[in-house]
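Architecture and fold: a report
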Amino acid sequence: MDQQEIQRSGPPVATAPQLHPAVPAGTEVLPVPAHVVRRKRRAWPFLLLLVALGAAGGGGYLWWQHTHPPLPVGISFGNGRIEADEIDIATKYAGRVSELLADIGDMVTPAQVVARMDTKELQQSLSKAEAQEQQAQHVVDQARASLTQSQTQKTLAEQEMQRTRALLQNGWTTKETADQRQQILDAATAGFAGATAKVSEAERALEAARHDVALYLVQIADNSLVAPKAGRIQYRLANIGEVLAAGGKVFTMLDIGYVYMDIFLPTEQVGKIKVGTEARIVLDAYPDRPIPAQVSFVASEAQFTPKTVETQSERDKLMFRIRVRVDPEPLAAHADAVRSGLPGVAYVRWKPDVTWPASLQVSP
């Protein structure tokens with residue numbers, strides 16, 4: 001049968017599957033899955049990785065032991081962050097910011113002007129006070145001139161009275177004339193006392209006017225905001241044109257003259273530490289540059305250790321706060337390097353006869 005006849009005869013009829021000769025008729029034959037042979041993975045690369053990690057860990061531990069030898073008895077340590085006192089540069093009076101002379105990150109010196117407030121109203125009040133001062137000065141001049149005139153009249157009356165008394169004794173003048181001279185002298189004396197009082201009053205008015213002028217000058221000077229200490233501008237909290245209330249903050253600066261680190265130590269160590277105890281601070285950013293410091297504060301009561309502070313033992317829940325302050329002299333020489341918030345470790349030597357390890361020796 002050729003191909004054309006097969007196509008005309010329609011689709012082929014499905015035939016029954018051939019049964020396995022060993023299986024009786026009427027029994028289904030399930031497919032038998034072929035066995036897949038998997039190769040066993042070799043474990044030696046994983047073992048080599050473990051060995052390499054162990055060797056690296058051991059080497060790191062040996063390096064740590066070499067670079068961080070155990071501290072001798074008499075030196076305690078705790079971790080913390082270097083801090084500097086923050087000082088707010090704020091307005092004394094309500095006003096508008098007219099000028100900013102510093103910005104974030106700038107180093108400022110004591111009494112350096114960092115901002116100015118608008119003082120137009122104060123300038124006008126100052127001009128008025130100065131005019132009143134000049135007017136009071138003129139009143140004082142007039143009162144002093146009147147005093148001089150009164151003193152001259154009094155002197156003349158006293159001289160005439162003396163001559164009249166001499167003439168009266170010799171009988172060359174009358175008692176009436178002497179009485180008239182006495183009245184003129186009394187009037188001159190009273191006029192002199194009144195002129196003296198007017199001079200004193202005018203001088204007090206002049207002094208009050210001068211105080212008004214000085215007050216406005218102080219207020220104008222207080223509207224020039226200055227840095228109270230040497231430090232670094234940390235934040236700028238206002239901009240030109242903003243109206244601030246009295247006490248409004250313009251800048252926040254860091255006092256680089258008072259840099260410290262607070263650490264927490266257990267009771268058995270704190271009892272041996274006093275204010276003035278020698279210390280060292282090692283920052284994570286400068287691990288090979290120990291900073292000389294001293295203990296400036298020891299808490300009198302224990303407190304719970306903050307979560308951000310790691311202690312030698314997690315069982316030490318109640319700790320004493322110790323403040324270690326950097327020595328001001330070396331701090332002044334490295335003022336530009338002061339950064340608040342740098343983590344590090346503070347070491348306190350509470351046993352004076354113990355020598356600092358080589359890693360904590362301060363180079364001259």
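Let us look at the structure shown here. Remember, it's a predicted structure, so these values are computed and weren't measured experimentally.

When helices and strands are tallied, the protein shows six helices and 13 strands. Restricting to contacts in the protein with at least 6 residues of sequence separation, those with at least 24 account for 77%. Here the protein has roughly 24,800 Å² of accessible surface; of this, 56% comes from carbon and sulfur atoms.

Below, the discussion takes up the pattern of salt bridges. Scanning the model with the defined rule gives 14 salt bridges in all. The salt bridge partner of Arg 210 is Glu 133, with a shortest N-O separation of 3.6 Å. Residue Arg 210 is found in helix α4 (residues 175–222), and its partner Glu 133 is found in helix α3 (residues 120–170); the two are separated by 77 residues along the sequence. For Arg 210, a relative accessible area of 42% corresponds to the partly exposed category. Three or more residues joined by partner-sharing salt bridges are found here, namely Asp 262, Arg 321 and Arg 323.

On to the environment of Gly 191. Structurally, Gly 191 can be placed in helix α4. Given a relative accessible area of 31%, Gly 191 falls into the partly exposed group. C-alpha separation for the pair Gly 191 and Leu 147, spaced 44 residues apart in sequence, amounts to 8.3 Å.

What characterises a pair of aromatic rings is the spacing of the ring centres plus the angle enclosed by the ring planes. What the rule picks out here adds up to two aromatic pairs. Ring geometry for Phe 77 and Tyr 347: centres 5.8 Å apart, planes at 35°, overall tilted. Taken as a pair, Phe 77 in strand β1 (residues 75–90) and Tyr 347 in strand β13 (residues 343–349) lie far apart in primary sequence, 270 residues in all. Phe 77 sits in the partly exposed class, given a relative accessible area of 33%. Relative accessible area serves as the criterion here: at 14%, Tyr 347 is assigned to the buried category. Directly above the ring of Tyr 260 sits Arg 323, whose terminal nitrogen or CZ lies 3.8 Å from the centroid.

Let us look at the environment of Gly 248. Mapped onto the elements of the fold, Gly 248 is located in the loop between β7 (243–244) and β8 (249–265). Gly 248 sits 156 residues away from Lys 92 along the chain, and the two C-alpha atoms are 7.9 Å apart. Setting aside residues up to four positions removed in sequence, Gly 248 forms contacts with Ile 89, Ala 90 and Thr 91.

Moving on to unusual backbone geometry. Backbone geometry at Ala 111 places phi at a positive 70°, although glycine is not the residue there. Tracing the backbone shows Ala 111 in the loop between β3 (107–108) and β4 (113–117).

Another aspect to go through is the nonpolar core. By size, the foremost hydrophobic cluster in this structure holds 24 residues, and its most contacted members are Ile 263, Ile 281 and Val 324. Mapped by element, the contributors of at least two residues to this core are β1, β8, β9 (278–283), β10 (286–298), β12 (318–326) and β13. Beyond its immediate sequence surroundings of up to four residues, Ile 263 is in contact with Gly 78, Asn 79, Phe 320, Arg 321, Ile 322, Val 324, Ala 346 and Val 348. Counting 17 residues, the second-largest nonpolar core is a separate cluster that includes Ile 89, Val 114, Ala 227 and Leu 244.

This paragraph deals with α3. Its 51 residues place the ends of α3 76 Å apart at the C-alpha level, agreeing with the 75 Å of an ideal helix rising 1.5 Å per residue. Buried residues of α3: Leu 122, Leu 126, Ala 129, Ala 136, Val 140, Ala 143, Leu 147, Ser 150, Ala 157, Met 161 and Thr 164, and no others. Residues of α3 that are buried make contact with α4. Positive backbone phi, at 80°, marks Gly 171, one or two positions downstream of α3.

A word on the packing of α3 against α4. Describing two packed helices takes the angle between their axes plus the distance from one axis to the other. In the contact formed by α3 and α4, the axes pass within 7 Å of each other and the chain directions differ by 165°. Considering the angle they form, α3 stands roughly antiparallel to α4. Of the two possible hands of crossing, α3 and α4 adopt the one that is left-handed. For the contact of α3 with α4, the residue count by class is 26 nonpolar, 15 polar and 13 charged.

As for its position among the elements, Thr 148 is in helix α3. When the C-alpha positions of Thr 148 and Thr 196 are compared, they lie 9.3 Å apart, and in sequence the two are 48 residues distant.

Let us look at the pairing of strand β6 (residues 231–236). By the bridge criterion, two bridges tie β3 to β6 in an arrangement that is antiparallel. Directly across from Val 108, in β6, lies its bridge partner Gly 231. Looking at chain direction, β6 and β8 are connected through five bridges and run antiparallel. Paired with Arg 232 across the strands is Leu 254, a residue of β8.

Looking now at α4. Spacing of three or four residues puts side chains on the same side of an α-helix, whose turn is 3.6 residues. With 48 residues, α4 extends 70 Å from end C-alpha to end C-alpha; this agrees with the ideal 70 Å at 1.5 Å per step. Taken together, the buried positions of α4 are Ala 178, Leu 185, Ala 188, Ala 195, Val 199, Ala 202, Leu 206, Ala 209, Val 213, Gln 219 and Ile 220. In this structure, the buried residues of α4 make contact with α3 and β5 (224–226).

Reading guide: rules and limits
Residues numbered from 1 in each chain as written. Predicted model: local features only at pLDDT ≥ 70, side-chain atom pairs only at ≥ 80, totals over all residues. Heavy atoms only, no water. Helix = DSSP H or I, 4+ residues; strand = E, 2+ residues; numbered from the N terminus. Contact = heavy atoms within 4.5 Å. Areas by Shrake-Rupley, 256 points an atom, 1.4 Å probe, with all protein chains shown as cover. Salt bridge = Lys/Arg side-chain N within 4 Å of Asp/Glu carboxyl O. Buried < 20%, exposed > 50% of the residue type's maximum accessible area, 1.4 Å probe, protein only. Phe/Tyr/Trp six-rings, centres within 6.5 Å; stacked < 30°, edge-to-face > 60°. Lys NZ or Arg CZ within 6 Å of the ring centre and 35° of its normal. Core = buried A, V, L, I, M, F, W, Y, C linked by side-chain atoms within 4.5 Å. Expected span 1.5 Å × (residues − 1). Axes fitted to C-alpha atoms, helices over the stretch in contact; angles between N-to-C directions. Parallel < 35°, antiparallel > 145°, perpendicular 65-115°, else oblique. Left-handed = near helix turned anticlockwise from the far one by under 90°. Nonpolar A, V, L, I, M, F, W, Y, C, P; charged D, E, K, R; others polar. Pairing = 2+ DSSP bridges.

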